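An overview of the molecular structure
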Amino acid sequence: MEMISFLNFYLIPGIVIGSIYALGAIGLTLIFSIMRHAHLAHGDMAALGAFLALAGITTIGLPAYAALPLAVIATGLIAIGIDKLFYSHLRTRPKILTTISTLGIALMIRSVVQIVWGVDTRLYSNGISRPQNWFGLKIKAVEMYTLSAVVLFVVALVLFLTKSKWGKAMRAMSDNRNLALLSGVDNNKVVALTWLISGGLCAASGYFLGMNTELKSMMGWNILLPTFAAAILGGVGKIEGAVAGGLIIGIVEELSVMVIPSEYKALSAFAILLLVLLVRPRGLFKGKIL
Amino acid sequence: MSAILAMTQLRGGYSETDILHGVSIEVAAHEIVAIVGPNGAGKSTAMKAIFGLLNVRAGSVVANGVDITGWSPNRIVQAGVSYVPQVDNIFGEMTVHENLEMGAFLRKGDFSASADRVYQLFPDLKAKRKTLAGSLSGGQRQMVAMGRALMLDPKILLLDEPTAGLSPKYMEQIFQISRDVRDSGVAILLVEQHAKQALAFADRGYVLAAGGNRHHGTGRELLADRAVAEMFLGG
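Just so it is clear, the model here is predicted, and its values are computed rather than measured.

Calculation rules
- Residue positions are given per chain, counted from 1 along the sequence in the order it is written.
- Going through the entries in the order they are written, you letter the chains from A and number the ligands from 1.
- Given that this is a predicted model, residues contribute local features only at a pLDDT of at least 70 and side-chain atom pairs are listed and counted only at 80 or more, while totals for whole chains, interfaces and linings are drawn from all residues.
- Once C-beta atoms are placed from the backbone, any two residues with those atoms within 7 Å are in contact.
- Amino acids outside the nonpolar list (Ala, Val, Leu, Ile, Met, Phe, Trp, Tyr, Cys, Pro) and the charged list (Asp, Glu, Lys, Arg) are all regarded as polar, and Gly is one of them.
- By this definition, two strands are paired if DSSP reports at least two bridges between them.
- Going along the chain from the N terminus, every DSSP run of H or I of four or more residues is numbered as a helix, and every run of E of two or more is numbered as a strand.
- Note on definitions: angles span 0 to 180 degrees between N-to-C directions of axes, and those axes are lines fitted to C-alpha atoms, for helices only across the stretch in contact.
- Only buried residues count toward a nonpolar core: Ala, Val, Leu, Ile, Met, Phe, Trp, Tyr and Cys, linked into one set through C-beta atoms within 7 Å.
- Put simply, a residue is buried when 20 or more other C-beta atoms lie within 10 Å of its own C-beta and exposed when 12 or fewer do; between those, it is partly exposed, and each C-beta is set from the backbone.
- Domain start and end points were adopted from an automatic or database domain assignment.
- Think of pLDDT as the predictor's per-residue confidence, scored from 0 to 100.
- To estimate how far a helix should extend, the number of its residues minus one is multiplied by 1.5 Å.
- To obtain the arc, one takes the directions from the helix axis to the C-beta atoms.
- Should an angle lie under 35 degrees it is considered roughly parallel, over 145 roughly antiparallel, and from 65 to 115 roughly perpendicular; all remaining angles are considered oblique.
- Crossings are assigned a handedness: left-handed for a near helix turned anticlockwise from the far helix by less than a right angle, right-handed for a clockwise turn.

The next point concerns the interface of chain A and chain B. Taken together, the contact pairs twelve residues of chain A with 16 residues of chain B. Among the residues making up the side of chain A that touches chain B, the classes are represented as five nonpolar, four polar and three charged.

This is the structure:
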């Protein structure tokens, strides 16, 4: 195979889907490192964000790019609400209870999406987006838009976590919970902030998945496994790990089509997940032990 | 000298049963006071009682003339009492400077003067301010832990077994760090497993046993006391 077709048919699509996984994986890794439970509703929350953006476009008549911030903020606030309504009552109980209840929330969110928007496939806009040719590299405008937005999200988040007072409080809570509490950090505020950011990133990942493919009520559930694999591959608690993990999973999934039928793409994420847990359970960037 | 911290006839425990049966401890400004005693004497419990981590049933804790009995740790910190836990007392994945910033979390406004004071006290840390605290040596980590606790400009620092599990070389280093902190104007109350070394280094000491006061005096007096010596030579 020629280099250029490798880049066009495998690497670029892999990077695009990988950066979408990365957005989700960052949220998962933040939730785990601060609240210490898995979040199985992550995919369905991404689907909710994608459909909220669709509502912004079709009902309010917003342009597609303006629907993104709307969906990000709305989903972030919904995530805080779900936490207050459900998970906050389980805070002092064993974390497995919260993890299981996130599965229940996942089913509830999916049902709401199916009731409100139906089960049919939807699109943000009709028509085919033709790729532009950059010296042989074929990149669609929507792919450029996705990649640059993901970079912006990641840079903004890293700046927030390293420069701002509350970002540092989040890192402190993830690093040494008791000492953070002893230093006067308000746990409830950190938890709310974590849900706001993770929920917002979920919506962004769903939105970009919808932009690059299509909207379905099951779209979120379908990306849950690769998103988890990305977070664990990178090392739980590590933002840079989640980004690297997402990109690797995305690229490997696309490459796997060369050897296995494309219906089984998800297998490669599963295989990587198992392999990491067996060989290097703390992931590439030495994250927390699960 | 008036007491910076006075714990009077304190009774309490973690749950229903009392572990402390009327313990009294006083710390004056500019002194290092050590609490020693055999295992299960209630040393660490006494310290936790000061810091609001215990159910207090009787007695009082007064810091800087304010009764802080039953206060939450958050408020106690603001009353000028800082606590350095025995283990996990730094943010290992954050830089030295970020550790100090977290120490000043409850402060509003500029805290660079406090940070400068910590760096003056521990010049080693200044050179490593951008290093991850988790990658430092044991002695330097203890400096970070104390530095974090000093960021709210406390009048007294509570150290829970600062030398536990450390080699004699590090122990001496930590005692020296504590003297430096005292000389900078912050009193220190520490709980120690290594009774002899602690009494030799502290200005005054309290020997607790079975949840009550047994002996107190200057470190030298206690070391010379036969009753105290017997208590520790046995175990």
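All names here are of chain B. Strand order in the open sheet made by the six strands is S6-S7-S8-S3-S9-S10, with mixed pairing throughout. Each end of this open sheet is capped by a strand with a single partner; those strands are strand S6 (81-84) and strand S10 (212-218). When strand polarity is set aside, the average angle formed by the axes of neighbouring strands in this sheet is 20°. In the packing of helix H7 (residues 168-183) onto the sheet, contacts are made with strand S3 (32-36), strand S7 (156-160) and strand S8 (187-191), and the angle to S8 comes to roughly 150°.

A separate point is the nonpolar core. Note on soluble globular proteins: their nonpolar side chains tend to be buried together. Ala22(A), Ala50(A), Ile156(B), Leu157(B) and Leu158(B) are the most contacted members of the largest nonpolar core, which totals 158 residues. Take this core: its biggest share by element is 16 residues, from helix H1 (residues 3-35) of chain A. For this core, the domains that each give at least three residues are domain 1 (3-80 + 154-234) and domain 2 (87-153) of chain B. Ignoring sequence-local partners within four residues, the contact set of Ala50(A) consists of Gly206(A), Tyr207(A), Leu209(A), Gly210(A), Leu215(A) and Met219(A).

Residues and elements named next belong to chain B. One non-glycine residue, Gln-9, lies in positive phi territory at about 45°. Looking at Gln-9, the number of C-beta atoms within 10 Å reads 13, which means it is partly exposed. Here Glu-161, not a glycine, exhibits a phi torsion of approximately 45°, which is positive. By the C-beta count within 10 Å, which is 20 here, Glu-161 ends up buried.

As a further point, take the domain arrangement of chain B. Residue and element names in this part refer to chain B. Its domain assignment divides chain B into domain 1 (3-80 + 154-234) and domain 2 (87-153). Just the C-alpha atoms count here: the centres of domain 1 and domain 2 sit 23 Å apart. Elements supplying a minimum of two residues to the side of domain 1 that touches domain 2: helix H2 (73-78) and H7. Per element, the largest residue contribution to the side of domain 1 that touches domain 2 is six residues, and it comes from H7. For the side of domain 1 that touches domain 2, the residue count by class is ten nonpolar, three polar and one charged.

Residue and element names in this part refer to chain B. Taken residue by residue, chain B gives an average pLDDT of 87. The fraction at 70 or more is 98%. No element of chain B has a lower mean pLDDT than helix H10 (residues 226-234), which averages 70, and none a higher one than helix H3 (residues 96-103), which averages 96. What the predictor reports for the complex is a pTM of 0.89 with an ipTM of 0.87.

Whether parallel or antiparallel, the strands of a sheet pair through hydrogen bonds between backbone atoms. Residues and elements named next belong to chain B. Ordered by their spatial adjacency, four strands build an open sheet running S2-S1-S4-S5, and the pairing between neighbours is antiparallel. A single partner strand is all that each edge strand has here, and the edge strands are strand S2 (20-28) and strand S5 (66-67). Judged from the seven bridges that link them, strand S1 (residues 3-13) and S2 form a sheet pairing that is antiparallel. Bridge pairing in S2 links Gly-12 to Leu-20. Sheet contacts for helix H1 (residues 43-50): S1, S2 and strand S4 (55-63); angle to S2, the most-contacted strand, approximately 70°.

Here we take up H7(B). Residues and elements named next belong to chain B. When the terminal C-alpha atoms of H7 are compared, their 23 Å separation across 16 residues agrees well with the 22 Å that a helix rising 1.5 Å per residue should span. When H7 is considered as a whole, its buried residues turn out to be Ile-174, Phe-175, Ile-177, Ser-178 and Val-181. Projected down its long axis, H7 shows its buried positions confined to an angular sector of 160°, all on one face. Turned more than 90 degrees off the buried face of H7, the exposed positions are Pro-168, Lys-169, Gln-176 and Asp-183. Tucked into the core, H7 has its buried residues touching S3, helix H4 (112-121), helix H6 (138-150), S7, S8 and helix H8 (195-201).

Before going further, it helps to examine helix H3 (residues 64-85) of chain A. Look at H3(A): 31 Å from first C-alpha to last across 22 residues, which is about the 32 Å you get at 1.5 Å a residue. Each element contacted by the buried residues of H3(A) is listed here: helix H2 (42-60), helix H4 (95-117) and helix H8 (187-212) of chain A.

The subject of this paragraph is the packing of helix H9 (residues 219-234) of chain A against helix H11 (residues 265-279) of chain A. All names here are of chain A. Packing of H9 against H11 leaves a shortest axis separation of 9 Å and a crossing angle of 30°. Our classification of the angle between H9 and H11 gives roughly parallel. Between H9 and H11 lies a crossing whose hand is left-handed. Mapping the contact onto sequence places Leu-225, Pro-226, Phe-228, Ala-229, Ile-232 and Leu-233 in H9 and Ala-266, Ala-269, Phe-270, Ile-272, Leu-273, Val-276 and Leu-277 in H11. Split by residue class, the contact of H9 with H11 holds 13 nonpolar, no polar and no charged.

We now examine the pairing of S10(B). All names here are of chain B. Here six bridges tie strand S9 (residues 204-209) to S10, and the two strands are oriented antiparallel to one another. Counterpart to Ala-209 in the pairing with S10 is Gly-212. Here S9 hands over to S10 after two residues, with Ala-210 in that stretch at a positive phi of 50°.

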